Structures are given as C-alpha cells and as structure tokens.
Amino acid sequence: KQWYQRRVRGGLRACAFMALQILPTYVIDMAVYSEIEGGWHPYITGLAVAGGMYYFGLEGAIIGPLVICILKFTINLYDVLFNSVGGGGDVSQPAEDAVSE
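Keep in mind it's a predicted model, so treat the numbers as computed, not measured. Numbering of residues begins from 1 in every chain and follows the order in which that chain's sequence is written. Reporting in this predicted model follows two pLDDT cut-offs: at least 70 for local features of residues, and 80 or more for side-chain atom pairs to be given and counted; totals over whole chains, interfaces and linings ignore these cut-offs and use all residues. Hydrogens are left out, water is left out, and the side-chain values use all remaining heavy atoms of the structure.

### Some details on the overall build of the protein
Inference 1: Helix and strand counts for the protein come out as 4 helices and 0 strands.
Inference 2: Going residue by residue from the N terminus, the α and β elements of the protein occur as α-α-α-α.
Inference 3: Computed with the Shrake-Rupley method and a 1.4 Å probe, the accessible areas treat only the protein chains shown as cover for residues. For the protein, the exposed area adds up to about 8700 Å²; of that, 67% sits on carbon and sulfur atoms. Here a strand is any run of E in DSSP of at least two residues, a helix any run of H or I of at least four, and the numbering for each starts at the N terminus.

The following block contains the structure:
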C-alpha cells in the first residue's frame, strides 16, 4: 500500500474513534441534566470548584461544591420551614388549620 493510503485510513479511524467518544457524552449529559430538577446553573458549580481550589488547593475541588450544596440545602430548608406555613412554626399542620386554632 502507498503511504498516503495508510495515512488516510489512519485518519478515518481517528475520526471514528473521536466520534465514538464525543457523541455518547452529549447524549448521556442531556439525559442526566434533563432529570435534575431544582439544581443550580452549572456555572455556579464551576465557580465553586475554582473558588475551592483557589482557597484550599487540590482538595478544594471537593470542598467548594460541598459548601455550595450545604448553602443550597440551608436555603431550601429555610424556605420550607418559614415560608410554607405563613411565618414559620409547625410544618405538619396546613396553613388554614393553624389560623383557625
């Protein structure tokens, strides 16, 4: 075989291999992200990773997103406890029963 035939065939294999690596990533990412509800924008997660690495070094890639998760949990907990019953208190009672007592 000529050298250019081997080069073209190798380039086609490389393109096929690249497509087999990239295409499933797009499909899987869309399937996973479509199932997530109430999450924050991925930009915030990226900032958490970058900020965590800035302050804590390599461990910050884990610590930064954990801090953001704790913040999100705290905000959601506050929202459930203080906004669902019209000012706080017992979340097991509906709001109209709490007013009638």
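Having seen the structure, we can now continue with the description.
### What to know about helix H2 (residues 42-56)
Inference 1: In this model, H2 (15 residues) spans 21 Å end to end at C-alpha, consistent with the 21 Å of a helix rising 1.5 Å per residue.
Inference 2: Where H2 ends, the next residue or the one after it, Gly57, has phi of about 80°, a positive value. Expected span, for any helix, means 1.5 Å times one less than how many residues it has.

### Regarding the packing of aromatic side chains
Inference 1: Two rings from Phe, Tyr or Trp (for Trp, the six-membered ring) form a pair when their centres are within 6.5 Å of each other. A pair whose planes differ by under 30 degrees is stacked, one over 60 is edge-to-face, and the rest are tilted. Tallied over the entire structure, the rule returns 2 aromatic pairs.
Inference 2: Pairing Tyr54 with Tyr55 gives two aromatic rings, centres 5.1 Å apart and planes at 85°, and the pair type is edge-to-face.
Inference 3: For Tyr54, a relative accessible area of 70% gives the class exposed.
Inference 4: Residue exposure (1.4 Å probe, protein chains only): buried if accessible area is under 20% of the type maximum, exposed if over 50%, otherwise partly exposed. Residue Tyr55 is classed as exposed on the basis of its relative accessible area of 66%.

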